[in-house]
Amino acid sequence: SSIWPTGSTPEQYVATDPESAKVIIMMTDGIFDDWRAPSLDPGDGWARATTFCNAAKAENIYIYTIVFDLTDTTAETTMRNCATSDKYFFTPSSGDELRNAYADIAKAISELRIKE
């Protein structure tokens, strides 16, 4: 909340409060930027991603995942499992499909807020 102007400060998130929700949108091409940590094996990254996703879901955080321009089946499987459910997982194959995926996610988040 410290990065937003005073008039735009978000509500405090409380995992058990139906009036608040947290959403993560993750997108990957499946390639880790190993220039940041060249000593890490890419498999370590997927293990860390899995740990992160499981911890977020345990806190009732909704996770949308998008794989784009991907050839790594480990990445796709990890991201599919990371998503809250299959309807939260997207595999666009073009720029237009990617824009549509984000539009679908935005609509779903709006509906999530209205329903909760």
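Residues numbered from 1 in each chain as written. Predicted model: local features only at pLDDT ≥ 70, side-chain atom pairs only at ≥ 80, totals over all residues. Heavy atoms only, no water.

1. Quick word on the sheet that holds strand S1 (residues 23-28)
No. 1: Pairing is parallel in the open sheet, where three strands are placed in the order S1-S2-S3. Of all the strands in the sheet, just S1 and strand S3 (89-90) have a single pairing partner and so form its edges.
No. 2: Note: strand S2 (residues 62-67) against S3, two bridges, orientation parallel. By the bridge assignment for S3, threonine 65 is matched with phenylalanine 89.
No. 3: The sheet strands contacting helix H2 (residues 73-82) are S1, S2 and S3, and the helix crosses S2 at an angle near 155 degrees. (Pairing = 2+ DSSP bridges. Helix = DSSP H or I, 4+ residues; strand = E, 2+ residues; numbered from the N terminus. Contact = heavy atoms within 4.5 Å. Axes fitted to C-alpha atoms, helices over the stretch in contact; angles between N-to-C directions.)

2. Looking at H2
No. 1: All buried positions along H2 are accounted for by Ala75, Thr78, Met79 and Cys82. End-on view of H2: buried residues confined to an arc of 95 degrees, all on one side of the axis. Set apart from the buried face of H2 by more than 90 degrees, the exposed residues are Thr73 and Asn81. (Buried < 20%, exposed > 50% of the residue type's maximum accessible area, 1.4 Å probe, protein only. Arc of directions from axis to C-beta.)

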